[in-house]
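Residues per chain are reported as follows:
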Amino acid sequence: MAHTNAQKIFKAAGAQAVLTEQPDLRKYLTGIETSFGYVLTTEKETVFYTDSRYLEAAKSALKGSEITVKQFVSPLENILSGLNQVAIPLSQTLFPQYERLKKAGLEIKDSTQAFQNAMIIKQDYELDLIKQACKIADDAFTALLPRIKEGMSENDLAAELEYLMRSNGASGTSFSTIAAFGKNSSVPHHETGADKLKFGDVVLIDFGCKFGGYCSDCTRTFLFGDDKKHENFKRTYKEVLAAHMLVKEKTTCGMTGAQSDAIARDYLKERGLDKFFTHSLGHGIGINVHEAPYLSPQGADILQNGMVFSDEPGVYFEGDYGIRIEDTVALLNGKTESLTKTDKNLLIL
């Protein structure tokens, strides 16, 4: 049976009804993934309205839960009859949809904070799914390494890794896999392309997969052979790894995302590398690969037990090379725990 959270969000939203159509939020409410549907929760009931593509599967998955599944019949106003107030996630609602609800005579409340407050702390079943997504990513990366060959393209490598994640049980990727060879690694979100791998290249791979609707996120940077021309790279790699590990050691419950970010940023600043650290330290990971909490210089989220986020310091030297070392981590019992576990010491293939 699917894990459901509709009643929890309804109580937190404080409205006559909660209407949700966004795919990620529907997944959180119903426990199942669909590309279309509306979840409507009132004090009396929760109904998931969807079309014929999902009707049978949704009824089976939600059998025995508090959610009833019904066929959606257009227009939307049909399911809102009798209501005068509805909560919707304003941060994810397009203006035409907002206007439509207003024209239907409904008072609009915002359910965004109710969702964020709930989703930012992972329940045990959510942690289990994220851990499995991380294990699949780890196993796939380990299996990939002996398959990396000179002359293969970035696209070849990304496709191979995505195949291995699927083969190990992933339902898909968390995002488009980034594979960057040589100087391409200096672009933090390089667009994977046709460049071919050469002996001595820096290789940066940013990847993750989904399992049960939940994401993993990991980055590994290594050398494809040692051409003895990367001494600066090796020294810098040690510093980035030290910053990464320091975050795990010092990040605790009660600090803000900004304070955690500063652990890595201050360490790199002492070594003259902070100006090359051009993005935030991390972001929450769950149903979405980027969600709260945010670990950045402006990050105001208070870190708490049950949160899952990335630890990913990186430095980038334009036209030369980049280094990013990223794990998915959880804050448990007041301390961080790595959920992606492959070795982070510098690898030379």
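For the structure given in this document, a descriptive report is provided here. The shown structure was predicted, so the numbers you read here are calculated from the model rather than taken from an experiment. Think of each chain on its own: its residues are numbered from 1, step by step along the sequence as written. Local features are withheld for residues below a pLDDT of 70 in this predicted model, meaning they are given only at 70 or higher, and side-chain atom pairs are given and counted only at 80 or more; totals for whole chains, interfaces and linings count all residues. In computing side-chain values, all of the structure's heavy atoms are included and hydrogens and water are not.

Observations regarding the sheet that holds strand β11 (residues 214–215)
Two orientations exist for strands paired in a sheet by backbone hydrogen bonds: parallel and antiparallel.
Part 1 of the reasoning: The pairing criterion is simple: DSSP has to find at least two bridges between the two strands. Each helix corresponds to a stretch of at least 4 residues labelled H or I by DSSP, and each strand to a stretch of at least 2 residues labelled E; elements are numbered beginning at the N terminus. Strand order in the open sheet formed by 3 strands is β7-β10-β11, and the pairing between neighbours is antiparallel. Edge positions in the open sheet fall to β7 (172–173) and β11, since each of these has one partner strand only.
Part 2 of the reasoning: In this sheet, β11 lies alongside strand β10 (residues 209–211) in antiparallel orientation, the contact comprising 2 bridges. Residue pairing for β11: F211 is matched across the bridge by Y214.

Observations regarding the pairing of strand β14 (residues 291–295)
Part 1 of the reasoning: Remark: exposure states derive from per-residue accessible area (1.4 Å probe, protein chains only) relative to the maximum for the residue type, with buried under 20%, exposed over 50%, and partly exposed in between. Among the 5 residues that make up β14, 4 are buried, leaving the element largely enclosed by the rest of the structure.
Part 2 of the reasoning: Bridge count for strand β13 (residues 282–284) against β14 is 3 bridges, and the pairing is antiparallel. Bridge pairing links H283 to Y294 in β14.
Part 3 of the reasoning: Connecting β13 to the next strand, β14, in antiparallel fashion are 6 residues.

Quick look at the environment of G319
Part 1 of the reasoning: With respect to the helices and strands, the residue G319 is situated in the loop between β16 (314–317) and β17 (321–324).
Part 2 of the reasoning: The contact rule is simple, with two residues in contact once any of their heavy atoms fall within 4.5 Å. Once residues within four sequence positions are removed from consideration, G319 is found in contact with K183 and S186.

Observations regarding unusual backbone geometry
Glycine aside, residues mostly have negative phi, and peptide bonds are mostly found in the trans state.
Part 1 of the reasoning: For the peptide bond that leads from S74 to P75, omega is 5°, which places it in the cis range.
Part 2 of the reasoning: Locating P75 in the fold gives a position in the loop between β4 (67–71) and β5 (85–88).
Part 3 of the reasoning: The step from A292 to P293 runs through a cis peptide bond, and the omega angle for that step is 5°.
Part 4 of the reasoning: Structurally, the position occupied by P293 is in strand β14.
Part 5 of the reasoning: Residue K228 is not a glycine yet carries a positive backbone phi of 65°.
Part 6 of the reasoning: Note that K228 resides in the loop between β12 (218–224) and α8 (231–250).
Part 7 of the reasoning: Relative accessible area serves as the criterion here: at 63%, K228 is assigned to the exposed category.
Part 8 of the reasoning: We note that N333 has phi near 50°; this positive angle belongs to a residue other than glycine.
Part 9 of the reasoning: Tracing the sequence through the fold places N333 in the loop between β18 (327–332) and β19 (335–338).

Brief notes about the nonpolar core
One broad rule of soluble globular proteins: the nonpolar side chains tend to lie buried together.
Part 1 of the reasoning: We define the nonpolar core as a collection of buried residues of types Ala, Val, Leu, Ile, Met, Phe, Trp, Tyr and Cys that are connected through side-chain atoms lying within 4.5 Å of one another. Ranked by internal contacts, the top residues of the largest apolar core, which has 38 residues, are I9, Y28, F48, L62, F115, Y214 and V308.
Part 2 of the reasoning: For this core, the secondary structure elements donating two or more residues are α1 (6–13), α2 (23–30), α3 (55–61), β4, α5 (112–119), α6 (124–144), β11 and β18.
Part 3 of the reasoning: Sorting elements by how many residues they give to this core places α6 first, with 5 residues.
Part 4 of the reasoning: Not counting residues up to four positions away in its chain, the partners in contact with F115 are I9, T20, L25, Y28 and L29.
Part 5 of the reasoning: Formed by 30 residues, the second largest nonpolar core is a distinct cluster that contains Y237, V247, F309 and V329.

A closer look at the packing of aromatic side chains
Part 1 of the reasoning: Classification of ring pairs rests on two measures: the distance between centres of Phe, Tyr or Trp rings, Trp counted by its six-membered ring, which must be within 6.5 Å, and the angle between planes, read as stacked under 30 degrees, edge-to-face over 60 and tilted in between. Per the counting criterion, the structure on display carries 10 aromatic pairs.
Part 2 of the reasoning: Each member of the aromatic cluster is reached from another via a ring pair, and the members are F233, Y237, F276, F317 and Y321.
Part 3 of the reasoning: Between R265 and the ring centre of F277, over which it is positioned, the NZ or CZ distance is 4.0 Å. Cation placement over rings: the criterion is NZ of Lys or CZ of Arg within 6 Å of the ring centroid and within 35° of the ring normal.

Thoughts on the sheet that holds strand β9 (residues 201–207)
Part 1 of the reasoning: With antiparallel pairing, the 3 strands of this open sheet are ordered in space as β8-β9-β12. Two strands in the sheet have a free side with no partner beyond their single neighbour: β8 (178–181) and β12. Across this sheet, the average inter-strand angle for adjacent strands is 10°, counted without regard to direction.
Part 2 of the reasoning: Two strands pair when backbone bridges link them, and β8 and β9 are joined in this way by 4 bridges, in the antiparallel orientation. Each bridged residue has a counterpart across the sheet, and for A180 the counterpart in β9 is L204.
Part 3 of the reasoning: Lying over the sheet, α6 contacts β9 and β12, oriented at roughly 155° with respect to β9.
Part 4 of the reasoning: Note on method: axes are straight lines fitted to C-alpha atoms, helices fitted across the in-contact stretch only, with angles between N-to-C directions ranging 0 to 180 degrees. Helix α7 (residues 154–167) contacts β8 and β9 of the sheet and is inclined by roughly 145° relative to β8.

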